[in-house]
Amino acid sequence: MSGGLLVAGTTSDAGKSVVTAGICRWLVRRGVKVAPFKAQNMSLNSFVTKEGAEIGRAQAMQAQACRVEPTALMNPVLLKPGGERSSQVVLLGKSVGEMSARGYHGGRQQRLLGTVLDCLTELRGTYDAVICEGAGSPAEINLRRTDIVNMGIARNAGLPVLVVGDIDRGGVFASFFGTVALLSPEDQALVAGFLVNKFRGDVSLLEPGLDMLRGLTGRPTYGVLPFRHGLGIDEEDGLRVSLRGTVRESNVAPPVGEDVLRVAVCAVPLMSNFTDVDALAAEPGVVVRFVDRAEELADADLVVVPGTRGTVRALEWLRERGLAEALLRRAAEGRPVLGICGGFQVLGEHIEDDVESRRGHVPALGVLPVRVRFAPEKTLTRPVGEALGERVEGYEIHHGVAEVLGGEPFLDGCRVGQIWGTHWHGSLESDGFRRAFLREVAAASGRRFVPAPDTSFAALREEQLDRLGDLIEEHADTDALWRLIESGAPSGLPFVPPGMPG
């Protein structure tokens, strides 16, 4: 078998990443050797593979669903937004520079099609099946000419297409029909059918609509997945995270000690790898929320300043909103603050940036004895070390090079009192270290919080991926899905007018 499938969506956030991961886990439990693939990803949440390549975190999680090691082949093109109109282009795991959206879609994207197809061909030669994820919607007719991630990759690779729609946001029937009707005849011939995501209620009430949709398009619905809390794998795009009131899904288990710990995460602009706090939210008794006002730091036991694609911009934002002053007060009062990557850099003395913002010398908050200089080459590593007497694993993705001038050593950074800083993403996923760190935070905050002795973040991730596999197995037509992956789109699928405008 050398099968494949493209999971497309009616919109961004329709659930493509989750469905792809679920299909991957279902297949691997059937004994199929499977790999994920996303030709082009726009995300500020990224990961470093063992060979030192940067890819989207969603593809790394999908690789975990497949029980394989992630590689650059699985996400050959990664776009990291630096604002509304430009992105850093990461090709095969390495940055190749900044580019405007107009410049990228004006020619560069199409020239990458050969590279993308080569990566997919190599994966299909190694694995029994490759489950590909699209981006946005395949019916973005303004971008179809240069598309390399939706119907462009499907037509060039002969992949059948499954369209996912989020019924929770409404309009799913119109979205399914309109998606097909805006594609060319050649593209429509690859769209095999639909998958409804996030359904609440009695499926029997939906079935008449599904029958009418089949009558209108000649295409079946391959399943109706029920709404489930806490099933989202690592989100792709930090730009879509609300600056107000976003709360990470927390473990439902009650706290072990008498108190909870409250964690406030500063929702800085261009926030990257905000998934670092997922491991905190997985701890019973830890409540994590994202904030953008100074007063929201007052009752926090721990404040996290996360990574960002715009360190100097984040520093200015913190000052504009009064958060910088609040952080300085916390430092003076000995109240815990953790800076990660860009958040670590803003806590230092000054930043020399001729790469990212090109602003040159910029004074930082000055609560850690650290000076940062931005280098043209990006650091991409998977370090292993020790902190608080515990083994720690992490990964680094940054241009800033930190010169640590004092304080106590802390991973690659330092600690002064209760102010901690490091470039290491993912360190809190190391269970022993996370528990030791939370004990320090509880002691400094005067909270009678006790970390659960047996929380395993890796095990929780595996449980989550198994739940995604269960969703596919229990609520999708897996026999029909298997035939689609193995044999491709059925022949004779009808054309739905009007098709793509000329």
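Whatever comes next refers back to the structure up there.
Computed from a predicted structure; not experimentally measured.

Conventions used here
- Residue numbering note: each chain is counted from 1, following its sequence as written.
- Totals for whole chains, interfaces and linings use every residue, but because this is a predicted model, local features are given only for residues with pLDDT of at least 70 and side-chain atom pairs only at 80 or more, for both listing and counting.
- Side-chain numbers here rest on the full set of heavy atoms in the structure, without hydrogens or water.
- The secondary structure listing takes helices from DSSP runs of H or I that are at least 4 residues long and strands from runs of E that are at least 2 residues long, numbered from the N terminus.
- For the radius of gyration, the atom set is restricted to C-alpha positions; the globular benchmark scales as 2.2 Å times the number of residues to the power 0.38.
- Contacts were defined at the residue level, with two residues in contact if any of their heavy atoms lie within 4.5 Å.
- Methods summary: accessible areas were calculated by the Shrake-Rupley approach with a probe of 1.4 Å, and residue burial reflects only the protein chains presented.
- Counted as positive: Lys and Arg. Counted as negative: Asp and Glu. His and the chain ends are not counted at all.
- Lysine's charge is taken at NZ, arginine's at CZ, aspartate's at CG and glutamate's at CD.
- When two cysteine sulfur atoms are found within 2.5 Å, that pair is recorded as a disulfide.
- Only protein chains enter the area calculation, which uses a 1.4 Å probe; residues under 20% of their type maximum are buried, those over 50% are exposed, and those in between are partly exposed.
- A pair of strands is treated as paired once DSSP finds two or more bridges between them.
- Note on method: axes are straight lines fitted to C-alpha atoms, helices fitted across the in-contact stretch only, with angles between N-to-C directions ranging 0 to 180 degrees.
- Under the rule applied, a polar contact is a pair of N or O atoms within 3.5 Å (in protein, one hydrogen donor and one hydrogen acceptor; residues adjacent in sequence only if both atoms are side-chain atoms).
- By the criterion used throughout, a crossover qualifies as right-handed when its path from the first strand across the helix to the second strand runs clockwise, the strands pointing away from the viewer.
- Here, a salt bridge means any Lys or Arg side-chain nitrogen found within 4 Å of an Asp or Glu carboxyl oxygen.

Student: Would you mind going over the overall build of the chain in detail, with residue names and values included?
Tutor: Within the chain, the secondary structure is distributed over 15 helices and 27 strands. Taking 502 residues into account, the globule formula puts the C-alpha radius of gyration at 23 Å, and the chain, at 23 Å, falls close to it. C-alpha extents for the chain along the principal axes are approximately 70 × 50 × 40 Å. Across the chain, every contact between residues at least 6 apart in sequence was considered, and the portion connecting residues at least 24 apart equals 75%. Summed over all atoms, the accessible surface of the chain reaches about 19,500 Å², with 50% contributed by carbon and sulfur. Here the chain contributes 54 positive and 64 negative side-chain charges, whose respective centroids are spaced 3 Å apart.

Student: An account of the state of the cysteines is requested, with residue identities and associated values reported.
Tutor: In the structure shown here, the tally under the stated rule is 0 disulfides. You can see Cys66 has no disulfide; the closest cysteine sulfur is in Cys24, sitting 3.4 Å from it. Lacking any disulfide linkage, Cys414 is separated from the closest cysteine sulfur, that of Cys341, by 15 Å. Judged by relative accessible area, Cys414 falls into the buried class, the value being 1%.

Student: Could you give an account of the sheet that holds strand 27 (residues 419-422), naming the residues involved and the relevant values?
Tutor: In spatial order, the strands read 15-13-16-18-27-26-25; together these 7 strands make up an open sheet with mixed pairing. The sheet is open, and its two borders are formed by strand 15 (286-291) and strand 25 (408-410), each paired with just one other strand. On average, each strand axis in the sheet is inclined to that of its neighbour by 20°, with strand direction left out of account. As judged from the 3 bridges shared by strand 16 (residues 302-305) and strand 18 (residues 337-340), these two strands associate in the parallel manner. Considered in strand 18, the bridge of Val304 is made with Leu338. Of the strands in this sheet, strand 13 (261-266), strand 15, strand 16, strand 18, strand 25, strand 26 (413-416) and strand 27 are in contact with helix 13 (residues 431-445), which crosses strand 13 at around 100°.

Student: Report on the side chain of Gln88, specifying residues and quantitative values.
Tutor: Note on placement: Gln88 falls in strand 7 (residues 86-91). Overall, Gln88 belongs to the buried group, its relative accessible area being 5%. Engagement of the side chain of Gln88 in a polar contact is seen with the side chain of His399, the distance being 3.3 Å. Apart from the residues lying within four places of it in its own chain, the contact partners of Gln88 are Leu78, Leu79, Lys80, Ser95, Gly97, Glu98, Arg309, Lys378 and His399.

Student: Can you tell me about unusual backbone geometry, naming the residues and giving the values?
Tutor: A cis amide bond, omega 15°, links Pro497 with the succeeding residue Pro498. Locating Pro498 in the fold gives a position in the segment after helix 15 (478-487). Within the chain, Cys341 stands out as a residue other than glycine whose phi angle is a positive 55°. In this fold, Cys341 is placed in the loop between strand 18 and helix 12 (342-346). Unusually for a residue other than glycine, Arg358 sits at a positive phi of about 60°. Relative to the elements of secondary structure, Arg358 occurs in the loop between strand 19 (350-353) and strand 20 (360-363). Residue class for Arg358 comes out exposed when judged on its relative accessible area of 64%.

Student: Provide a residue-level description of helix 2 (residues 57-66), including the pertinent values.
Tutor: The element helix 2 is largely enclosed, with a buried count of 9 among its 10 residues. At the C-terminal side of helix 2, Arg67 shows a positive phi close to 60°.

Student: How would you summarise the sheet that holds strand 7 if you had to cite specific residues and measurements?
Tutor: The 4 strands lie next to each other as 3-6-7-8, forming an open sheet whose pairing is mixed. Two strands in the sheet have a free side with no partner beyond their single neighbour: strand 3 (40-42) and strand 8 (94-100). Recorded for the sheet is a direction-independent mean angle of 25° between the axes of neighbouring strands.

Student: Go over the pairing of strand 11 (residues 191-199) with me, naming the residues and quoting the values.
Tutor: Burial within strand 11 is extensive, with 8 of its 9 residues counted as buried. Here strand 10 (residues 161-166) pairs with strand 11 via 6 bridges, running parallel. Residue Val164 lies in a different strand from strand 11, and its bridge partner there is Leu195. Here strand 11 runs beside strand 12 (residues 221-226); their pairing, made up of 3 bridges, is parallel. Note that in strand 12 the partner of Phe194 across the bridge is Thr221. A crossover links strand 11 with its parallel partner strand 12, the connecting element being helix 8 (residues 207-217), and its sense is right-handed.

Student: Can you lay out the pattern of salt bridges for me, pointing to particular residues and giving the numbers?
Tutor: Within the structure shown, the criterion is met by 30 salt bridges. Linking Arg25 and Asp466 is a salt bridge whose minimum nitrogen-to-oxygen distance equals 2.9 Å. On the criterion of sequence distance, the pair formed by Arg25 in helix 1 (residues 16-29) and Asp466 in helix 14 (residues 457-475) is long-range, its members being 441 residues apart. The partner of Lys378 in a salt bridge is Glu54, and the shortest N-O contact between them spans 2.8 Å. Highlighted residues: Lys378 in strand 21 (residues 370-381) and Glu54 in strand 5 (residues 54-56), separated in sequence by 324 residues. Side by side, Lys378 and Glu54 carry an identical accessibility label, which is buried. One continuous salt-bridge network, built from bridges that share partners, spans Arg25, Arg29, Glu462, Asp466, Asp470 and Glu473.

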